[in-house]
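Examining the three-dimensional arrangement
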Amino acid sequence: MYNNVVKTTALVNNCMAFKKGKQIMDTMNSDYDTVDGRQVRNLLTGFYYRSSQLYFQLIVELKSGDCVLFREFNNYNVFKEAFDKLHDATKSEALIHIPKN
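Being a predicted model, the structure only gives us computed values, none of them experimental. (Residues numbered from 1 in each chain as written. Predicted model: local features only at pLDDT ≥ 70, side-chain atom pairs only at ≥ 80, totals over all residues. Heavy atoms only, no water.)

**Considerations on the environment of N42**
What counts is decided by this rule: The numbering of helices and of strands both runs from the N terminus, where a helix is a DSSP run of H or I of at least 4 residues and a strand a run of E of at least 2. Any pair of residues with heavy atoms lying within 4.5 Å of one another is described as a contacting pair.
If you trace the backbone, N42 turns up in strand 4 (residues 40–50). The spatial distance from the C-alpha of N42 to the C-alpha of H87 is 9.1 Å, given a sequence separation of 45 residues. Apart from residues no more than four positions distant in its own chain, N42 is found in contact with I59, V60 and E61.

In structure tokens form, the structure reads like this:
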């Protein structure tokens, strides 16, 4: 039914730039980048279909206006759990580790 990837683009309209995690605060010899929870303006979600499979995206909008893809999921329960943990980290001003893609 859905042969092409359909992505929502409205979620990045408020961002100055959409970047992969490896382009933000690059750290040496690490599998992730670190962002302070105080730098996060908002958490955005997106979804799209690929070959009839629904995928979910977690996107971190920084106060600088940049948006960083945190991670993609094909399981809603795993997505929701990660969203809740990320939301808690922003509220507690903890360090957030963004996997490099």
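From this point, the discussion proceeds with the structure in view.
**Remarks on the environment of Q39**
Which entries qualify depends on this criterion: Partly exposed describes any residue whose relative accessible area lies between the buried limit of under 20% and the exposed limit of over 50%, with all areas from a 1.4 Å probe on protein chains only and scaled to the type maximum.
Considering the arrangement of structural elements, one finds Q39 in the loop between strand 3 (32–36) and strand 4. Look at Q39 and you get partly exposed, because its relative accessible area is 32%. Along the sequence, Q39 and L62 sit 23 residues apart, while their C-alpha atoms lie 5.6 Å from each other.

**Thoughts on the packing of aromatic side chains**
As a reminder of what qualifies: Stacked, edge-to-face and tilted are the three classes for Phe, Tyr and Trp ring pairs, Trp counted by its six-membered ring, which pair at centre distances within 6.5 Å; planes under 30 degrees apart are stacked, over 60 edge-to-face, the rest tilted. Geometrically, a lysine NZ or arginine CZ counts as sitting over a ring once it is within 6 Å of the ring centre and also within 35 degrees of the ring normal.
Under the counting rule described, the total for this entry stands at 5 aromatic pairs. Judged by centre distance (5.5 Å) and plane angle (65 degrees), the ring pair of F56 and Y76 falls under edge-to-face. Residue F56 is located in strand 5 (residues 53–62), and its partner Y76 is located in helix 1 (residues 76–91); the two are separated by 20 residues in the primary sequence. For the ring pair F56 and F79, a centre distance of 5.2 Å and an interplane angle of 25 degrees mean the geometry is stacked. With F56 in strand 5 and F79 in helix 1, this residue pair connects regions lying 23 residues apart in the sequence. Against the face of Y55 rests R50, its NZ or CZ located 4.5 Å from the ring centre.

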